[in-house]
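Chains, contacts and geometry: an overview
What follows is each chain in one-letter form.
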Amino acid sequence: MNLSQDNTDITNDGIAHSEDVTSENDIAIEEFFSPSSHKGMADNFKTGYVAIVGRPNVGKSTLMNHLLGQKLSITSRKPQTTRHRIHGILSNHEMQAVFVDTPGIHRNEVRAINERMNKAAVSALVDVDLVLFVVDSDQWRDDDLLTLQKLGETDLTVVLVINKSDTLKDKGSVLPLIETFNASFDFADIVPVSALKNQNLDRLEEVIASHLPVAAPIYDTEQITDRSERFLASEIIREKIMRSSGDEVPYDLTVQIDAFKDEPAHTDPKTGRPRKACTFIDATIYVERSGQKAIVIGDKGQRIKQVGMDARKDMEQLFDKKIMLTLWVKVKRGWSDDERALTSLGY
């Protein structure tokens, strides 16, 4: 009996052929390294980049946050709160939409930072599969027209999202508004929503999926952003200052993370007591004038103390770990109009 016959007999006795073993191992290895979250996806799974554009303070960041079900992009009532392009990743059974939350497009490029924000917003339109153009339900301004002009220079698919539709006293008044918008641009779809109250967002998700190409996920479906924890920490701190300082420190501040150190759980060598895992974050808040430094610090340091407490709470919820946060406030005159300073600060 030759070797091949011996192998056949062994196989018949219940021992797998060597080629079968190799094949089964390959399958097992492939399954092990395949993201488990990819299982159960629709056959015609859709994936693509979705830019969220519009004028400042129209609700772009709020819309992305509520679509994700996770606060990722900072918000405040002040225009131009968003300064950077931020990717938020929404994955479900049918699609993965990678949202690009952009700074608001505006006409007044007074300082270098305004120019960079406009460039960031416009550059987000490169290589995206879909654009969500967000407008207020009851307001049409010059910056809306500017954004529409920028979109008209592309051949992108654009969905008009009429935000804050819940504020309309007469719900029927949204129909002539839709007709007006539709006459000004060839929109692929028009969807009225209320981002803040989660109204009609399911419909918007359906519309988004209908316009994305069939493709495998770009990111692991458990991932919600491509931004680092350092970046998100700096944005959370900046939001808390903007919310607490009212109009006293409008845009003349930025935050730099100086240290971000993860410390594992351990026994304190001095006391012998167990210490939980913790992340230590040191951050510097830069303002442009001495008077602004005093405002950020507050009377007897109360404002900066509250900012630290609120920021730490949000970080612990987002990062799911204990945070120790130390804040410093320094004056860096003219940083928002200094190209080298903007580059060093990540703009």
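Note that the structure is predicted; figures quoted are calculated from it, not measured. (Residues numbered from 1 in each chain as written. Predicted model: local features only at pLDDT ≥ 70, side-chain atom pairs only at ≥ 80, totals over all residues. Heavy atoms only, no water.)

Notes on the sheet that holds strand 10 (residues 278-287)
Spatially, 7-10-11 is the arrangement adopted by the three strands of the open sheet, whose pairing is mixed. Among the strands making up the open sheet, the edge pair consists of strand 7 (253-263) and strand 11 (323-331). When the angles between neighbouring strand axes are averaged without regard to direction, this sheet yields 15 degrees. As judged from the nine bridges shared by strand 10 and strand 11, these two strands associate in the parallel manner. Within the sheet, the bridge partner assigned to tyrosine 286 lies in strand 11 and is lysine 330. (Pairing = 2+ DSSP bridges. Helix = DSSP H or I, 4+ residues; strand = E, 2+ residues; numbered from the N terminus. Axes fitted to C-alpha atoms, helices over the stretch in contact; angles between N-to-C directions.)

Quick notes on the pattern of salt bridges
Applying the stated criterion across every chain yields a total of eleven salt bridges. A salt bridge links lysine 240 to aspartate 314, with the nearest nitrogen and oxygen atoms 2.8 Å apart. Placement of the pair is lysine 240 in helix 8 (residues 229-244) and aspartate 314 in helix 10 (residues 302-319), with a sequence separation of 74 residues. The partner of glutamate 316 in a salt bridge is arginine 312, with the nearest N and O atoms 3.6 Å apart. Here glutamate 316 pairs with arginine 312, and both are found in helix 10, just four residues apart, close to one helical turn. Take glutamate 316: its relative accessible area is 24%, and that puts it in the partly exposed class. The exposure class assigned to arginine 312 is partly exposed, which follows from its relative accessible area of 30%. Because the salt bridges share partners, they merge into one network encompassing Glu239, Lys240, Arg243 and Asp314. (Salt bridge = Lys/Arg side-chain N within 4 Å of Asp/Glu carboxyl O. Buried < 20%, exposed > 50% of the residue type's maximum accessible area, 1.4 Å probe, protein only.)

Digging into the packing of aromatic side chains
Going through the model one piece at a time under the given rule, you end up with three aromatic pairs. Look at phenylalanine 133 and phenylalanine 187: their rings are 6.3 Å apart centre to centre, the planes differ by 15 degrees, and that puts the pair in the stacked class. Here phenylalanine 187 lies in the loop between helix 6 (174-184) and strand 6 (189-192) and phenylalanine 133 lies in strand 4 (residues 130-136), a separation of 54 residues in the sequence. The exposure class of phenylalanine 187 is buried, given its relative accessible area of 6%. Between phenylalanine 260 and phenylalanine 319 the ring centres are 6.5 Å apart and the planes differ by 70 degrees, which places this aromatic pair in the edge-to-face class. (Phe/Tyr/Trp six-rings, centres within 6.5 Å; stacked < 30°, edge-to-face > 60°.)

Description of the pairing of strand 5 (residues 158-163)
In terms of residue burial, strand 5 counts as a mostly covered element, since six of its six residues are buried. Burial along strand 5 is two-sided: Val158, Leu160 and Ile162 and Val159, Val161 and Asn163, pointing in opposite directions, are all buried. Here strand 4 pairs with strand 5 via six bridges, running parallel. By the bridge assignment for strand 5, leucine 132 is matched with valine 159. With four bridges connecting them, strand 5 and strand 6 associate as parallel partners. The residue of strand 6 that forms the bridge with valine 161 is valine 191.

Function cannot be inferred from these measures alone, as they are strictly geometric.
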